[in-house]
Amino acid sequence: MATSAFLQQVNDIFDEAARHTDHDASLLAQIKACNTIIQVSFPIRRDDGSLEVIRAWRAQHSQHKLPTKGGIRFAPDVHDEEVMALAALMSYKCAIVDVPFGGGKGGIQIDAKNYSVGELERITRRFAFELIRKNFIGPGLDVPAPDFGTSPREMAWIADTYAQLRPGDVDALACVTAKPLGQGGIRGRVQATGRGLFYGVREICRDAPLMKSLGLTPGLAGKRVAVQGLGNVGYHAAKFMAEGGGILVGLSEREGTIVNPKGLDLEAVMAHRKATGSLLDFPGATNVPGAGAVIEADCDILAPCALELQVTGENAPRIKAKIIAEGANGPTTPEADRILHEKGVLVIPDIYINAGGVTVSYFEWLKNLSHVRFGRMEKRFDEGAFSRLVGAIEKATGKEFSEAERHSLAAGADEEDLVNSGLEETMITSWRQIKSVRERLGNKVTYRIAAFVDAIDKIAASYKELGIFP
Ligand code: NAD
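This structure is a prediction, so every number in the text was calculated from the model and none was measured.

1. A look at the packing of helix 2 (residues 25-32) against helix 16 (residues 447-466)
It is at 10 Å that the axes of helix 2 and helix 16 come closest, and there the two elements cross at 105°. Classified by the angle between their axes, helix 2 and helix 16 sit roughly perpendicular to one another. Within the contact between the two elements, helix 2 uses L27, L28, Q30 and I31 and helix 16 uses I456, I459, A460, Y463 and K464. Residue composition of the contact of helix 2 with helix 16, by class: seven nonpolar, one polar and one charged.

In structure tokens:
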């Protein structure tokens, strides 16, 4: 059977990166291989009483760290090699951001919009049941999350199915992440990918020599930003970059692109879209025909946050952005990657820059296993200690802080503060690791390849330490 183009593409990038390492060929082959994949077929009863056979897969690419982790997608064209490719990317992504998981991915071959909520619940619960029966899900085995066509709603169904069939397992909620808050979810998960993108971009913009090499000044403040797609990732990426001083000069959705060199007010644009059903004709902005037009917008930073294959060999030569932050998975084709590299455009790879979601999923898993909300034990204790410190400073200096100053100095961290702090630390540290690999390998190598080398080195170290059992 011919390997699908997507799996081939992932493997090609792996092979190119592997050539920059000195690991044994057989070890590299083991890292590249998808360790396990199951296909299941099961019947569900439709609302009209008929039966339908559903096909689904779950791939576990690498168990060098457990559990394996990755979303479950509902898509009519999902197939085995797609979930294998996506599971491999999850292994590399987790390694890059030091999330101690292997990679996994699942897919159910349906178009979610053709099913009622009740039917979707039966499909999701039956798939969860199949995974449980085959020991393919569990807090220490394999922990799914949402992906295309799935959301916290499906995660709650999976968690409940698991808990029903594993009575007495106190860790049952940790079998899946991105759950609703009331079902063991975590604050900050919804915003995590866009916020992580912002932390990464801000850190990169602080790098004065790197900015100079791109012909830009240091700092995110004043940089002109264009964002494709205003869904979960795009909306939050745009929001946090604007809050960080970026100027939103271009935004796009399915219906088209709007630009305004003076800047667009994101919340006003969202309200306009809600009211009129379209981004277009936003007061003060210019409509540009085509949802893809945003890719060529006159900007410093372009964040494609909608879907794959948006930056292509066709439009890459006309791209004006100096930095591309891949919020979406796979928005740049290999041909575009080559063109952009030659043009000196900095492409911040998806495998790093959109890893905020899995990072905060890791925090959710930790929360579920520790059975306590982050910050619950120490928030008030810290506030007391900080208040005493503030009081001592006031006494020593004879100056009184304002109520607002006192609050900002003495506030203890709640769950969202801690989640954001962990996410910020992760995005900054991971970028520095990728950058140091890139510095070692030289300018001919893209940051995507450097990120893959970073992942391969970390996974190889794990395998070497583990040895082979039996
Ligand atoms: P989403 O469905 O919330 O948002 C996607 C948005 O893009 C929608 O608003 C949609 O209308 C819009 N869109 C579709 N086609 C478009 C086009 N041609 N031009 C402009 N806009 C278009 O999905 P999401 O969760 O934001 O995911 C977006 C991408 O980010 C996907 O590639 C996904 O795999 C990736 N991603 C998501 C997460 C996450 O945590 N949600 C994490 C990592 C990667």
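2. Comments concerning the sheet that holds strand 11 (residues 323-325)
Taking strand neighbours across the sheet as the criterion, the seven strands line up as 9-8-7-6-10-11-12 in an open arrangement whose pairing is mixed. Single-partner strands in this sheet number two, and they are strand 9 (286-288) and strand 12 (346-348). Neighbour to neighbour, the strand axes of the sheet diverge by 20° on average, direction disregarded. Sheet topology places strand 6 (residues 224-228) next to strand 10 (residues 301-304); four bridges connect them, and they run parallel. Bridge assignment links A226 to a residue of strand 10, and that residue is L302.

3. Observations regarding the site of the ligand
Lining the immediate surroundings of the ligand are 20 residues, of which T193, N232, V233, E253 and R254 lie closest. Contact between the ligand and E253: an oxygen atom at 2.5 Å from a side-chain N or O atom of the residue. Bound to the protein, the ligand loses 75% of the 830 Å² it would expose on its own. Among the secondary structure elements, those contributing two or more residues to the shell around the ligand are helix 8 (232-243) and strand 7 (247-253). Looking at the shell around the ligand, its residues break down into eight nonpolar, nine polar and three charged.

Scoring rules and cut-offs
Residues numbered from 1 in each chain as written. Predicted model: local features only at pLDDT ≥ 70, side-chain atom pairs only at ≥ 80, totals over all residues. Heavy atoms only, no water. Axes fitted to C-alpha atoms, helices over the stretch in contact; angles between N-to-C directions. Helix = DSSP H or I, 4+ residues; strand = E, 2+ residues; numbered from the N terminus. Parallel < 35°, antiparallel > 145°, perpendicular 65-115°, else oblique. Contact = heavy atoms within 4.5 Å. Nonpolar A, V, L, I, M, F, W, Y, C, P; charged D, E, K, R; others polar. Pairing = 2+ DSSP bridges. Near = heavy atom within 4 Å. Polar contact = N/O pair within 3.5 Å; in protein donor to acceptor, adjacent residues only side chain to side chain. Areas by Shrake-Rupley, 256 points an atom, 1.4 Å probe, with all protein chains shown as cover.

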